[in-house]
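Below, each chain spelled out in residue letters.
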Number of protein chains: 2
Amino acid sequence: MEINPQTLDQREVYKLLIGCVVPRPIAWVSTSDEAGNYNLAPYSFFNAAGSNPPTLTIAINYSAAKSGRKDTLHNILTLGEFVINIVSEETAAAMNETSADVPADVDEFALAGLTPAPSRAVRPPRVAESPVSFECTLHTSVPVGEGPGSSTIVIGIVRHIYLRDDLLNERGYVQIDRLRPIGRLAGSAYCRISDIFDMPNRRS
Amino acid sequence: MEINPQTLDQREVYKLLIGCVVPRPIAWVSTSDEAGNYNLAPYSFFNAAGSNPPTLTIAINYSAAKSGRKDTLHNILTLGEFVINIVSEETAAAMNETSADVPADVDEFALAGLTPAPSRAVRPPRVAESPVSFECTLHTSVPVGEGPGSSTIVIGIVRHIYLRDDLLNERGYVQIDRLRPIGRLAGSAYCRISDIFDMPNRRS
């Protein structure tokens, strides 16, 4: 099947992208607005980039409910700071609660029964229930497109890392059976990471 | 555990990032150089961004073996075109073969016994054995940092999509049990997507 995406409605293109680019890691992004109100929302167009400086990227889509700009993006561009918290199986349901479109002054920490913990390097709090939190400052934001279906790619530099004490083994590697992350699939589907296999690295 | 990444070697930071940002989707990137030589290599700092225009991002790390710039990045910046192929369980071993650091003139298609198929909108070929291929043109590249551990974030616009005919159901949704994607974890670990659960969407 050969598809020219320009002939499709952007919602059909979106369905193909979220169905094919899987599994996606989840950034649970906490931010603060100018008045100090907290915001918390999940984004699965998320990944690492480099390690020097430590770099993470998230893409935030246009929101018709928010006149284009989601609260998370507004807050990142305004304050230049955000925290990316990692979602584990234990916090999956709470994460899902924070994905609702609610007014900007609604605190999703309170909505989902979560605890904001003070960050060390940035003003927005981390999620105390998350096993890992990356405190970030904004490096660059790259808008791509305009209107429904458009997105802004946010590039952040990690300034501080919180790691739950039990996550690392004695050699300093994160243990996935302790982290218990979840991955994002299409629609309402997620996956646990239980079906693991190894292939020897070819790259040095 | 509280960690200031500036106090760590970038390789230790890398270990934390690839251990915590999981599971990652895999972009199997095919490119061509000025002479028409093919290159093919996997990158797991990959995700979708928007759907209008359809946008994909990959981050390509500094390569000491290549004086900094991997062949994939060189080719993308030179030709402005690339193809992101999706890796399924069936092609996992072949994908791993193409992750070796080899000279620029080595054709990883031949190395791994894969078939280059002509693309419709760009010059680099797609992987005929992949269930999905996204033909892309370069929108923006954003270098972050310098030297070991640095990366270049490549933003691509999808111009054409190849989808294997059996992947979509009658409502136009990609069927994950037909796609059978794999996810990237840390070290030499990968995951199959077999342990799936649903949570109702809160976001409109």
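In this text the structure is predicted, and so the values were computed from the model without any measurement.

Q: Before we go on, may I ask you to explain the nonpolar core in this structure?
A: With 88 residues, the main nonpolar core has L56, I58 and F134 of chain A together with L56, I58 and F134 of chain B as its most contacted residues. Beyond its immediate sequence surroundings of up to four residues, I58 of chain A is in contact with A27, V29, F45, F46, I76, F82, I84, T152, I153 and V154 of chain A.

Q: Sorry, what's going on with the packing of aromatic side chains here?
A: Each aromatic ring pair is described using two quantities: the centre-to-centre distance and the angle formed by the ring planes. For the structure on display, the rule yields six aromatic pairs over all chains. Between the NZ or CZ atom of R184 of chain A and the centre of the ring of Y190 of chain A, over which it lies, the distance is 4.3 Å.

Q: Help me understand the relation of the copies chain A and chain B in this model?
A: One copy of the chain maps onto the other through a rotation about an axis plus a displacement along that axis. Rotating chain A by 180° and translating it 0.0 Å along the rotation axis places it on chain B, where the RMSD comes to 0.0 Å. A rotation of that kind, with that shift, is consistent with a two-fold axis. A symmetric contact is evident, with 100% of the interface residues of chain A recurring at the interface of chain B.

Q: Quick question: what am I supposed to make of the pairing of strand β12 (residues 189–192) of chain A here?
A: Residues in a regular strand point their side chains to alternate faces of the sheet. When strand β11 (residues 182–184) of chain A meets β12 of chain A, the two strands line up antiparallel, connected through three bridges. Bridging across to β12 of chain A, I182 of chain A finds its partner in R192 of chain A. Taken together, β11 of chain A and the strand that follows it, β12 of chain A, pair antiparallel across an intervening segment of four residues, in which G187 of chain A is found at a positive phi of about 60°. Note: β12 of chain A against strand β13 (residues 196–198) of chain B, three bridges, orientation antiparallel. Pairing of C191 of chain A across the sheet is with I196 of chain B, part of β13 of chain B.

Q: What am I meant to see in the pattern of salt bridges here?
A: Pairs may arise between side chains of opposite charge once their charged atoms sit close together. Under the criterion given, the structure shown has 20 salt bridges over all chains. Notably, a salt bridge pairs K15 of chain A with E12 of chain A, separated by 3.4 Å at the nearest N-O pair. Placement of both K15 of chain A and E12 of chain A in helix α1 (residues 10–20) is noted, with a separation of three residues, approximately one turn of the helix. Residue K15 of chain A is classed as buried on the basis of its relative accessible area of 15%. On the basis of relative accessibility, which here comes to 35%, the residue E12 of chain A falls in the partly exposed class. The network of salt bridges with shared partners includes E89, E90, R180 and R192 of chain A together with D195 of chain B.

Q: So what exactly am I meant to see when it comes to the state of the cysteines here?
A: Note on terminology: a disulfide is the covalent bond linking the sulfur atoms of two cysteines. Taken as a whole and assessed by the stated rule, the structure comprises zero disulfides over all chains. Its sulfur unpaired, C136 of chain A is 12 Å from the next cysteine sulfur, which belongs to C20 of chain B. On the accessibility criterion, C136 of chain A (0% relative accessible area) is buried. Not part of a disulfide, C191 of chain A finds its nearest cysteine sulfur in C191 of chain B, a span of 6.0 Å.

Q: Sorry, what's going on with the interface of chain A and chain B here?
A: Chain A puts 102 residues into the contact, and the matching count from chain B is 102 residues. Summed over both partners, the interface of chain A with chain B comes to about 8,800 Å²; 60% of that surface belongs to carbon and sulfur atoms. Summed over the shared surface of chain A and chain B, the result is four salt bridges. Here D195 of chain B and R192 of chain A are joined by a salt bridge, their closest N and O atoms 2.8 Å apart. Joining chain A to chain B, the criterion identifies 44 residue pairs in polar contact (both at pLDDT 80 or more). Broken down by element, the side of chain A that touches chain B gets its largest block of residues, ten residues, from strand β10 (residues 151–163) of chain A. In the side of chain A that touches chain B, the residues fall into 57 nonpolar, 27 polar and 18 charged.

About the criteria used
- Within every chain, residues take consecutive numbers counted from 1 along the sequence as written.
- Each chain takes a letter, starting from A, and each ligand takes a number, starting from 1, following the order in which they are written.
- Residue-level local features of this predicted model are given only where pLDDT is at least 70; pairs of side-chain atoms are given and counted only at 80 or more, and the full residue set underlies all totals for whole chains, interfaces and linings.
- The side-chain quantities take in all heavy atoms of the structure and omit both hydrogens and water.
- What is meant by a nonpolar core is a set of buried Ala, Val, Leu, Ile, Met, Phe, Trp, Tyr and Cys residues, joined one to another through side-chain atoms within 4.5 Å.
- The cut-offs for exposure are 20% and 50% of the maximum accessible area for each residue type, with area from a 1.4 Å probe on protein chains only; residues under the lower value are buried, those over the upper are exposed, and the others partly exposed.
- Working rule for contacts: check all heavy atoms of both residues, and any pair within 4.5 Å makes them a contact.
- Pairing of aromatic rings covers Phe, Tyr and Trp, the last counted by its six-membered ring, and requires centre-to-centre distances within 6.5 Å; plane angles under 30 degrees mean stacked, over 60 mean edge-to-face, and any other angle means tilted.
- Each ring is checked for a lysine NZ or an arginine CZ that lies within 6 Å of its centre and within 35 degrees of its normal; such an atom marks a charge sitting over the ring.
- The copies are overlaid by a least-squares fit using only the C-alpha atoms of residues whose pLDDT is at least 70 in both copies.
- Here the rule is simple: two strands pair whenever DSSP picks up at least two bridges between them.
- Only DSSP runs of H or I with at least four residues qualify as helices, and only runs of E with at least two residues qualify as strands; both kinds are numbered from the N terminus onward.
- Whenever a carboxyl oxygen of Asp or Glu lies within 4 Å of a side-chain nitrogen of Lys or Arg, that contact is scored as a salt bridge.
- Working definition: a disulfide is two cysteine sulfur atoms within 2.5 Å of each other.
- By buried area we mean the combined loss of accessible area, with a 1.4 Å probe, across both parts when two parts are placed together.
- Whenever a nitrogen or oxygen atom comes within 3.5 Å of another N or O atom, the pair is scored as a polar contact, on the condition that within protein one atom can donate a hydrogen and the other can accept it, and that pairs from neighbouring residues in sequence are kept only if both atoms are in side chains.
- The nonpolar class holds Ala, Val, Leu, Ile, Met, Phe, Trp, Tyr, Cys and Pro. Asp, Glu, Lys and Arg form the charged class, and all remaining residues, Gly among them, are polar.

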